[in-house]
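# A structural walkthrough
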Amino acid sequence: MTFWDLISRAAHESPDRVILADDHGRSLTPVQLRDAAERVAAGLPVEAGNAVSWQLPTSLEAVVLMAALTRLGAVQNPIIPALRDREVGVITSQVKPSLFVAPEAWGGFAFADMARSLGCSVVGLELEGDVGEGLRLPAGDPSSLPAPSATDSRWVYYSSGTTSDPKGVKHIDSSLIPAAAALIEYASFGEGDVYPIAWPVSHIGGVNMLTVALKTGMKLVLFDAWSPAATPERMATHRPTILGSAQPFFRAYLDAQRRHGREPLFPELRIITGGGAPTPRETVRELIDVFGVRGIVGSYGLTEFPIATAVRPDDPEELMMRSVGKTPPGVQARIVDGEIRLKGPQCFEGYLDPSLDEKAFDEDGWFRSGDLGEIDGDGNVFVTGRVKDVVIRNAENISALEIEDVLLRHPAIADVAVIGLPDARTGERVCAVIVPEGDAALDVATIGAHCREAGLARYKCPEQVELVAGLERNAMGKLLKQKIREEISKG
């Protein structure tokens, strides 16, 4: 089944059930999604096989565009809105899109101008101001479209990875659609559920959740902006049954409930989902106590292998605290030299740069996750650490090497190590441990300005700066980051 087949089947089987809504009062049934996608497909200068990059907030426009590009058989490249010139420049140089769809302006940033400066042909959308009832997308006559392709459409997602540049991850419909199985079969997402999301729908989780909605009839409510002080209350008006999905959101939900008082703010809530980064045990306990849920229904996956495991809502509390669940039917996991390795239908097709493929798979064809873990006798998977040198902030993987590369260009920095430190709000915060040149004065503001000037996304900029006389390295010159982290934590 192609992704367009999935949309068409949902339109036939559940034509009147709302599966998509937003914070502006708009909504779409599967029939409306199908018809809107065909109109938008007819209005785009795109043919089958063309590569199209898009960078949009979490909105109905983003989902309809996603569907329209599958209708056209394009190679689509969703980009999360937080990325800026440096990262987007790397992506577009590799993908070489024939078209880039982005807002003219959004959240104070000129996305379309950035894409133009990178040499892209751009369709700029006017997304600021009054939303209205319609979709702010190009449209044309669907009768001009060729018949839908019977073959899988192609997708290129970018993983933050562990190297200085992001890695293009190739998927097809047949590797994305099966990823929803764990959430449907184990986490029991289904008809009647309402899940408000404010995380980037251009993340691979966006197409995963759209697949769940098309298969089950659950409703996704899209929020194009996130405010810890206001969004949880706005979400509450939609009567959610599911909330997610990482530490910053959890803290905001808890704070909103305290503002609301004793009456439940989310009276129909049955599941809190977790993923992307470990949730501190004290936060899990607080969520259980405040919202009356049994725990966090966690899942585990990567851009290369989305939703490889999921926890069941009726699993024992202690297991939910520690495990990321079991693999669904068709997925296999094993531990080799402490590393989690995976096989299954949702495994990616390879990297856009084929030179990276050899290290990604072992000699038996298992995907090397880069994560350390264990599997117990019942098949429960436990993630115990990371082989990869990343900081997980707000559930996003941030390459330490990428930030170090930018910081070492500063004339007042002699040496640097970027590490992740525990943070109650974001899970981890980016800390730059710096050896300054001479007596240079370096602080968070100075370092942040340098990083932004270099084109680094704001969420990657260090939030803590520590000045030291030297950094520990091994005999081969590799930074001993665990020792550095321990020293900074003690201090």
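All values reported here derive from a predicted model rather than from experimental measurement. (Residues numbered from 1 in each chain as written. Predicted model: local features only at pLDDT ≥ 70, side-chain atom pairs only at ≥ 80, totals over all residues. Heavy atoms only, no water.)

Now for the overall build of the protein chain. When helices and strands are counted, the protein chain shows 16 helices and 24 strands. Compactness check: the protein chain gives a C-alpha radius of gyration of 22 Å against a globular reference of 23 Å for 491 residues, within 12% of the reference. Dimensions along the principal axes, computed over C-alpha positions, put the protein chain at roughly 70 × 55 × 55 Å. In the protein chain, buried positions account for 55% of the 491 residues. Taking the intrachain contacts of the protein chain between residues at least 6 apart in sequence as the baseline, contacts between residues at least 24 apart amount to 67%. Here the protein chain displays about 20100 Å² of accessible surface, and carbon together with sulfur accounts for 49% of that area. Side-chain charges of the protein chain comprise 49 positive and 67 negative groups, with the mean position of each set lying 2 Å from the other. (Helix = DSSP H or I, 4+ residues; strand = E, 2+ residues; numbered from the N terminus. Rg over C-alpha atoms; globule rule 2.2 N^0.38 Å. Buried < 20%, exposed > 50% of the residue type's maximum accessible area, 1.4 Å probe, protein only. Contact = heavy atoms within 4.5 Å. Areas by Shrake-Rupley, 256 points an atom, 1.4 Å probe, with all protein chains shown as cover. Lys, Arg positive; Asp, Glu negative; His and termini not counted. Charge placed at Lys NZ, Arg CZ, Asp CG, Glu CD.)

Moving on to the packing of aromatic side chains. Under the criterion given, the structure shown has twelve aromatic pairs. Ring plane angle 70° and centroid distance 5.7 Å describe the contact between Phe 3 and Trp 155, whose orientation is recorded as edge-to-face. Of this pair, Phe 3 sits in helix H1 (residues 3-13) while Trp 155 sits in strand E7 (residues 154-159), and the two are 152 residues apart along the sequence. Judged by relative accessible area, which is 0%, Phe 3 ranks as buried. If you follow Arg 84 out to its NZ or CZ, it ends over the ring of Phe 109, 4.0 Å from the centre. (Phe/Tyr/Trp six-rings, centres within 6.5 Å; stacked < 30°, edge-to-face > 60°. Lys NZ or Arg CZ within 6 Å of the ring centre and 35° of its normal.)

By the secondary structure assignment, Lys 478 is in the loop between strand E24 (464-467) and helix H16 (481-490). Ignoring sequence-local partners within four residues, the contact set of Lys 478 consists of Glu 472 and Arg 473.

The next subject is helix H11 (residues 281-291). For the α-helix, the turn length of 3.6 residues means that residues three or four positions removed from each other point alike. Considered for burial, the residues of H11 that qualify are Thr 283, Val 284, Glu 286, Leu 287, Ile 288 and Phe 291. In the core, the buried residues of H11 are packed alongside helix H10 (247-260), strand E12 (271-274), strand E13 (296-302) and helix H12 (317-322).

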